[in-house]
Amino acid sequence: MIKSNIKEAVIAVTYRCNSRCRMCNIWQIRENRAEFHPNQLNSIPQNIKDINITGGEPFLRQDLVEIIKVLNRNNPKANIIISSNGFATKLIIGKIKEIIKFKPDIGVAVSLDGIGQAHNEIRRIEDGYNMAVTTIGLLKNAGVKKLKIGFTIGDYNISELKKVYELSQELGVELTIAAVHSSENYFGKENHIERKREIIGELEWLMHEELCCKNPKRWARAYFTHGLIEFLKNGKRILPDYSGRLSIFIDPRGAIYPCDVSTKVIGKLTNFGNIDSSEVAECASSWMICTARQAMKKHKFRVVGWIMVNKIKLLMLGKTS
């Protein structure tokens, strides 16, 4: 049995993509499109708790079902989420129906960065919004219980956050938030945020909404949003970074990085035991769920303390449900 300190893995199973997102150039990758064989994932430690399958568009891999089978066989208790743009509706639903037979708690996160034409322009796909929303509905009908909308905020869609949040409430799915980041290795471009004050205002609204509900999971998302606000304000994390020590990023070739914004290869799937787990500054200069979740778990008392203080403040103001 392979074990390590790694608790979370983000696995990009392909860089092939059917989207043309303005904040990401993965779709432009033409060279070195080699992809690891599903059996190579047998080297992943069996004590990993969180696995995010991403891309590119992961459903474009013909053997995605086999990939999930290998991961589920070796990590049956792991929380596995597939991140998708939701455009290849028929393909997605077909594969999910196969996966849900042996992994009934599989999760899917569909990207939605605006309503209607706003989303179409960000993802640069005609009718992309309708395709994504249709996919979400069909995933619910297929029995996917862990269903999320992933919203990435930038200077170009500040006014869309509240609209997408309201849509997530109408559809009865979770909303996860991220801000655009830069990565030479992963996104393939520099992303900059100029309208920080406006974005912070919208994030403070979201944080309040999440805190006001009765769901502890949403309180944790409020804390994550608080961390994102502080990161945008001063460029610093509110919790230490454990990338490469508790979490990793694996690219389609099987190269292992501490996180997806890093260019430092620290290992390979074929030799997982020799990971260089030294701290990487590139990851410390980010605040994404993949670089924050393990820190939040490790410092859970600090997270709970913040939640309690802010819930009490809301209660005193009569603003909590």
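Residues numbered from 1 in each chain as written. Predicted model: local features only at pLDDT ≥ 70, side-chain atom pairs only at ≥ 80, totals over all residues. Heavy atoms only, no water.

Q: Describe empty space enclosed by the protein, naming the residues involved and giving the relevant values.
A: Counted by the stated rule, this structure contains one cavity of 30 Å³ or more. For the largest cavity, the calculated volume is near 50 Å³. Along the walls of the largest cavity sit Glu8, Val10, Ser243, Ser247, Ile248, Phe249, Pro258, Cys259, Asp260, Cys290 and Thr291, which together make up its complete lining. Mapped onto the lining of the largest cavity, the elements with two or more residues apiece are strand E1 (8-12), strand E7 (247-250) and helix H9 (289-298). Broken down by element, the lining of the largest cavity gets its largest block of residues, three residues, from E7. For the lining of the largest cavity, the class distribution of residues is six nonpolar, three polar and two charged. (1 Å grid on protein atoms, 1.4 Å probe; cavity = no way out; pocket = protein on both sides within 12 Å on 5 of 7 lines; lining within 4 Å. Points joined across faces, edges and corners; volume = space filled by probe spheres on them. Helix = DSSP H or I, 4+ residues; strand = E, 2+ residues; numbered from the N terminus. Nonpolar A, V, L, I, M, F, W, Y, C, P; charged D, E, K, R; others polar.)

Q: Any chance you could break down the packing of helix H2 (residues 89-102) against helix H4 (residues 128-141) for me, citing the residues and the numbers?
A: Following both chains from N to C, one finds H2 and H4 inclined at 20 degrees, their axes separated by 10 Å at the closest point. The orientation of H2 with respect to H4, classified from their angle, is roughly parallel. For the crossing formed where H2 meets H4, the hand is right-handed. Between H2, through Thr89, Ile92, Ile93 and Ile96, and H4, the contact on the second element is made entirely by Met131, Thr134, Thr135, Leu138 and Leu139. Of the residues assigned to the contact of H2 with H4, the class counts are six nonpolar, three polar and no charged. (Axes fitted to C-alpha atoms, helices over the stretch in contact; angles between N-to-C directions. Parallel < 35°, antiparallel > 145°, perpendicular 65-115°, else oblique. Left-handed = near helix turned anticlockwise from the far one by under 90°. Contact = heavy atoms within 4.5 Å.)

Q: Tell me what's going on with the packing of helix H5 (residues 161-171) against helix H6 (residues 196-212), and back it up with residues and numbers.
A: The N-to-C vectors of H5 and H6 enclose an angle of 25 degrees; their axes lie 10 Å apart at closest approach. It follows from the interaxial angle that H5 and H6 lie roughly parallel. By crossing handedness, the relation of H5 to H6 is classed as right-handed. On H6, the residues touching Leu161, Lys162 and Tyr165 of H5 are Glu202, Leu203, Trp205, Leu206, Glu209 and Glu210.

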